[in-house]
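Listed here are the chains, written in short residue letters.
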Amino acid sequence: AWSAYRAYAWGADEVKPVSNRSHNWLRLGATLVDCLDNLWLFDMKEEFAEAQEWVATKLVLSHSAPGISMFETVIRILGGLLSAFELSAEPVFLRKAQEVADHMMYAFDANPATGLPCQTISFSSHKTCSFASWTGHAAVLAEYGTIQLEFKYLAQKTGLRKYWDVA
């Protein structure tokens, strides 16, 4: 699976296995970032190093798609970076995780009564912040559970209380 992704969709969010084409819906290299821990655990160190270099040089948040899912960004990008950091202790992953989280912080101000962040966000200068109509504008428990996990872990690793407080 990794070799197909590498050959047909390197840096894209996902590979379409039948057509061997890439698909970008976050524009954040979701498969690459989400698979970092697998590469490490499967002892694919050369592939891990190549992916690490991509994260260091090509993961540019301003290139992300407008109106991206907070949940998918937290679970796949932030979570992928943090698990890669936990396994490898490579500082680039913690730096990038902090950069991602910092770009998400505005979303927690959207609903001051509850502190629940918006479900659709943007990393561009125009900060999109909306709640999904498919949920009836209601909270989705899995979304807020993963925010707790990833932001509290980031707070522990950086020593910055702001991540703990929003989670």
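The structure this text deals with has already been given above.
Let me begin by describing the structure that accompanies this report.

**Quick notes on the packing of aromatic side chains**
Using the criterion set out here, one finds seven aromatic pairs in the structure. Here W2 and Y5 contribute two aromatic rings whose centre-to-centre distance is 5.3 Å and whose plane-to-plane angle is 40 degrees, an arrangement assigned as tilted. With a gap of three residues between them, W2 and Y5 both fall in helix α1 (residues 2-8), about one helical turn apart. Judged by its relative accessible area of 13%, W2 falls in the buried class. Since its relative accessible area comes to 1%, Y5 is described here as buried.

**A short note on the side chain of D13**
Take D13: it is sitting in the loop between α1 and β1 (14-16). Comment: no salt bridge for buried D13; closest opposite-charge side chain is R76, at 6.5 Å. A polar contact is formed between the side chain of D13 and the backbone nitrogen of L26, at a distance of 2.5 Å. Not counting the four nearest positions on each side in its chain, D13 is found in contact with H23, N24, W25, L26, R27, L28, G29, A30, T31 and R76.

**Examining the state of the cysteines**
Covalent bonding between the sulfur atoms of two cysteines is what defines a disulfide. Summed over all chains, the structure comprises one disulfide. In this model C118 forms its disulfide with C129; the gap between the sulfur atoms is 1.9 Å. Between C118 and C129, the S-S torsion sits near -100 degrees, and that sign places the bridge as left-handed. Highlighted residues: C118 in the loop between α6 (91-104) and β4 (120-121) and C129 in strand β5 (residues 129-130), separated in sequence by eleven residues. Taking the relative accessible area as the measure of exposure, C118 reaches 0% and is therefore buried.

**Remarks on α6**
Here α6 spans 20 Å end to end across 14 residues, near enough to the 20 Å set by a 1.5 Å rise per residue. Regarding α6, the residues found buried are V92, F93, L94, K96, A97, V100, A101 and M104. Considering only its buried residues, α6 is in contact with α3 (36-41), α4 (45-58), α5 (70-88), β4, α7 (141-158) and α8 (161-166).

Conventions we followed
- Residues numbered from 1 in each chain as written.
- Predicted model: local features only at pLDDT ≥ 70, side-chain atom pairs only at ≥ 80, totals over all residues.
- Heavy atoms only, no water.
- Phe/Tyr/Trp six-rings, centres within 6.5 Å; stacked < 30°, edge-to-face > 60°.
- Helix = DSSP H or I, 4+ residues; strand = E, 2+ residues; numbered from the N terminus.
- Buried < 20%, exposed > 50% of the residue type's maximum accessible area, 1.4 Å probe, protein only.
- Lys, Arg positive; Asp, Glu negative; His and termini not counted.
- Salt bridge = Lys/Arg side-chain N within 4 Å of Asp/Glu carboxyl O.
- Polar contact = N/O pair within 3.5 Å; in protein donor to acceptor, adjacent residues only side chain to side chain.
- Contact = heavy atoms within 4.5 Å.
- Disulfide = S-S within 2.5 Å.
- Expected span 1.5 Å × (residues − 1).

Don't take any of this as a statement about function, it's just geometry.
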